[in-house]
Amino acid sequence: MKIIAVIPARYASTRFPAKLLQDLGGKSVIVRTYEAALATQLFDDVFVVTDSDLIFKEIESNGGKAIMSHKEHESGSDRIAEAVENMTVDVVVNIQGDEPFINKEALSQLVEVFKKDTDKKVDLASLMFEITEKDEISNPNNVKVIVDQQGFALYFSRSVIPFPREENVGVRYMKQKI
């Protein structure tokens, strides 16, 4: 089973432009993230896919593998889809470009989902954990996950879902982990 990691990396972030090129202990955030993904040793290959010449050059000049994408993508997932369209791989793991402190254990759990899926029923997997603090629940920077009774994701949102009309009604809020 060939498993790769792809890191979508936009230069023009809406909340913090050029965040991925900011210095973090002598290296840029995107290089730290790339190196952290490699260091997990979970992947057959790791790529950064970007629409930015600056990010592309940053990765390549630091010995990494970068793929240039078109600029008109609406999401990192679209950017990844373009990058892997002609690759022969079994599993593609999306690692966010601003995650230089990647949790190897969490990524291992994610990869295991696909390795254990002998019937090939899983097309997509995402880890999640419960959040309980009101500030975290209402923070649009935290992607919330709505799941069915079997724990399968139905959709993801930056909005508070379901809307908390009443407190203490047993609603659990789940946050996307990776």
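See the structure above.
Residues numbered from 1 in each chain as written. Predicted model: local features only at pLDDT ≥ 70, side-chain atom pairs only at ≥ 80, totals over all residues. Heavy atoms only, no water.

Participant: Can you walk me through the overall build of the chain in this structure?
Facilitator: The secondary structure content of the chain amounts to five helices and 10 strands. By principal-axis analysis of the C-alpha atoms, the chain measures approximately 55 × 40 × 30 Å. With 178 residues in all, the chain has 35% of them scored as buried. Long-range contacts, defined as pairs at least 24 residues apart, comprise 56% of the intrachain contacts of the chain with a sequence gap of at least 6. A total accessible area of about 11,200 Å² is found for the chain, and carbon and sulfur atoms account for 48% of it. Side-chain charges in the chain split into 22 positive and 28 negative, and the spacing between the mean points of these groups amounts to 2 Å. (Helix = DSSP H or I, 4+ residues; strand = E, 2+ residues; numbered from the N terminus. Buried < 20%, exposed > 50% of the residue type's maximum accessible area, 1.4 Å probe, protein only. Contact = heavy atoms within 4.5 Å. Areas by Shrake-Rupley, 256 points an atom, 1.4 Å probe, with all protein chains shown as cover. Lys, Arg positive; Asp, Glu negative; His and termini not counted. Charge placed at Lys NZ, Arg CZ, Asp CG, Glu CD.)

Participant: For this particular structure, what's the right way to read unusual backbone geometry?
Facilitator: Glycine aside, the phi torsion of most residues is negative, and most peptide linkages are trans. Phi is positive for glutamine 41, close to 60°, though the residue is something other than glycine. One can find glutamine 41 in the loop between helix 1 (29-39) and strand 4 (45-50).

Participant: I would appreciate a short explanation of the pairing of strand 6 (residues 91-94) in the present structure.
Facilitator: Regular strands place their side chains on alternate faces of the sheet. Of the two faces of strand 6, the one holding Val91 and Val93 is buried and the one holding Val92 and Asn94 is not buried anywhere. Direction of pairing for strand 1 (residues 3-9) relative to strand 6: parallel, over a ladder of four bridges. Within the sheet, the bridge partner assigned to isoleucine 3 lies in strand 6 and is valine 91. (Pairing = 2+ DSSP bridges.)

Participant: What am I meant to see in the nonpolar core here?
Facilitator: One recurring pattern in soluble globular proteins: nonpolar side chains tend to sit buried together. Membership of the largest hydrophobic core comes to 27 residues, with the highest contact counts inside it found for Ile7, Ile30, Phe43, Val48, Val93 and Ile95. Of all elements in the fold, only strand 1, helix 1, strand 4, helix 2 (53-61), strand 6 and helix 4 (104-116) reach the threshold of two or more residues within this core. Per element, the largest residue contribution to this core is six residues, and it comes from helix 1. The contacts of isoleucine 7, once residues within four sequence positions are left out, are Ile30, Thr33, Tyr34, Ala37, Val46, Phe47, Val48, Val49, Ile95, Gln96 and Gly97. (Core = buried A, V, L, I, M, F, W, Y, C linked by side-chain atoms within 4.5 Å.)

Participant: Sorry, what's going on with the environment of isoleucine 131 here?
Facilitator: Within the element layout of this structure, isoleucine 131 appears in strand 7 (residues 128-131). In this structure the C-alpha to C-alpha distance between isoleucine 131 and asparagine 142, which are 11 residues apart in sequence, comes to 9.8 Å. Non-local contacts of isoleucine 131, meaning those with residues more than four positions away in its chain, are made with Glu136, Ile137, Lys144, Tyr173 and Lys175.

Participant: Help me out: how do you make sense of helix 2 in this one?
Facilitator: Helical geometry: 3.6 residues make up each α-helical turn, so side chains three or four residues apart lie on a common side. Where helix 2 starts, the residue carrying a side-chain oxygen 3.1 Å from the main-chain nitrogen of leucine 54 turns out to be serine 52. A positive phi of about 80° marks glycine 63, the residue just after helix 2. (Polar contact = N/O pair within 3.5 Å; in protein donor to acceptor, adjacent residues only side chain to side chain.)

Participant: Explanation requested: the sheet that holds strand 6 in the structure shown.
Facilitator: To summarise the sheet geometry, strands pair through backbone hydrogen bonds and adopt either a parallel or an antiparallel arrangement. Here four strands make up an open sheet; going across it, the order is 5-4-1-6 and the pairing parallel. Taken across any chain shown, the strands that pair with only one partner, and hence form the sheet edges, are strand 5 (66-68) and strand 6. On average, each strand axis in the sheet is inclined to that of its neighbour by 30°, with strand direction left out of account. Where strand 4 lies against strand 5, three bridges are found, and the strand directions are parallel. (Axes fitted to C-alpha atoms, helices over the stretch in contact; angles between N-to-C directions.)

Participant: Is there a simple way to think about helix 1 in this case?
Facilitator: Listed as buried for helix 1 are Val29, Ile30, Val31, Thr33, Tyr34, Ala36 and Ala37. Positive phi shows up at glutamine 41, right after helix 1, with a value of about 60°.

Participant: How should I be thinking about the packing of helix 1 against helix 2 in this particular structure?
Facilitator: What describes two packed helices is the angle between their axes and the distance between those same axes. The geometry of helix 1 relative to helix 2 is characterised by a closest axis approach of 10 Å and an angle of 50° between their N-to-C directions. Compared by their axis directions, helix 1 and helix 2 come out oblique. The element helix 1 and its partner helix 2 pack so that their crossing is right-handed. From helix 1, Ile30, Val31 and Tyr34 reach across to helix 2, where they touch Ile55, Glu58 and Ile59. Across the contact of helix 1 with helix 2, the residue classes break down as five nonpolar, no polar and one charged. (Parallel < 35°, antiparallel > 145°, perpendicular 65-115°, else oblique. Left-handed = near helix turned anticlockwise from the far one by under 90°. Nonpolar A, V, L, I, M, F, W, Y, C, P; charged D, E, K, R; others polar.)

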